[in-house]
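The primary structure of each chain is shown beneath.
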Amino acid sequence: VQLQASGGGSVQAGDSLRLSCAASQTRSSYVMGWFRQAPGKEREFVAAIRWRENAKYYADAVKGRFFISRDAAVDTVYLQMSSLKPEDSAVYYCSVLTYYSSSALYSSSAYNYWGQGTLVTVSS
């Protein structure tokens, strides 16, 4: 599976951005996830969506501000980010977990495929 992330950029605090991740293929069992990694920090879970069930999961730090969605017609997952904060600045990666597991969902090491990342910079 190849993943192409796009939509990053430089914005001011309070602004919005929408990230996109186009997959070369999807399957009903997939979980599509977004992770982020800031300089000097570990990669952390942001949000995920189960492809078939359309169930959504969020990190506490982004709940109420970020919204994940998918368009099955074009094998693309989106991350709508609102009320952005400087601490949201990071490289954002999309990823695929081929089979859902509640224990694996939040762990980057469990994901099977990764996109190249897109940089989000939020200035105060």
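To be clear, the structure that these remarks concern was listed above.
It should be emphasised that the depicted structure is a prediction, and the values quoted were computed from it without experimental measurement.

A. Layout of the packing of aromatic side chains. For the coordinates displayed, the defined rule picks out seven aromatic pairs. Pairing Y93 with W114 gives two aromatic rings, centres 6.3 Å apart and planes at 80°, and the pair type is edge-to-face. Of this pair, Y93 sits in strand β9 (residues 90–97) while W114 sits in strand β10 (residues 113–114), and the two are 21 residues apart along the sequence. Exposure remark for Y93: the relative accessible area of 15% places this residue in the buried category. Using a relative accessible area of 28% as the deciding quantity, one classes W114 as partly exposed. An aromatic cluster of three or more residues is present, and its members are F35, F45, Y93, Y106, Y111 and W114.

B. Here's a closer look at the state of the cysteines. Summed over the entire model, instances satisfying the criterion amount to one disulfide. Here C21 is linked by a disulfide to C94, with a sulfur-sulfur distance of 2.1 Å. With the S-S dihedral at roughly 60°, the linkage between C21 and C94 falls on the right-handed side. Of this pair, C21 sits in strand β3 (residues 17–23) while C94 sits in strand β9, placing them 73 residues apart in sequence.

C. Structural detail: the environment of R43. Secondary-structure assignment places R43 in the loop between β4 (31–37) and β5 (44–50). If we skip the residues at most four places from it in the chain, R43 touches F35, R36, Q37, Y93, S108 and W114.

D. Quick peek at the sheet that holds strand β7 (residues 66–71). Read across the sheet, four strands follow the order β1-β3-β8-β7 without closing on themselves; strand pairing throughout is antiparallel. Two strands bound the open sheet, and with one partner strand each, they are β1 (3–6) and β7. Geometrically, the sheet is characterised by an average inter-axis angle of 15° between neighbouring strands, direction not taken into account. Bridging between β3 and strand β8 (residues 76–81) involves six bridges; their strand directions are antiparallel. From the neighbouring strand, L17 faces β8, where its bridge partner is M81.

Definitions and cut-offs
Residues numbered from 1 in each chain as written. Predicted model: local features only at pLDDT ≥ 70, side-chain atom pairs only at ≥ 80, totals over all residues. Heavy atoms only, no water. Phe/Tyr/Trp six-rings, centres within 6.5 Å; stacked < 30°, edge-to-face > 60°. Helix = DSSP H or I, 4+ residues; strand = E, 2+ residues; numbered from the N terminus. Buried < 20%, exposed > 50% of the residue type's maximum accessible area, 1.4 Å probe, protein only. Disulfide = S-S within 2.5 Å. Contact = heavy atoms within 4.5 Å. Pairing = 2+ DSSP bridges. Axes fitted to C-alpha atoms, helices over the stretch in contact; angles between N-to-C directions.

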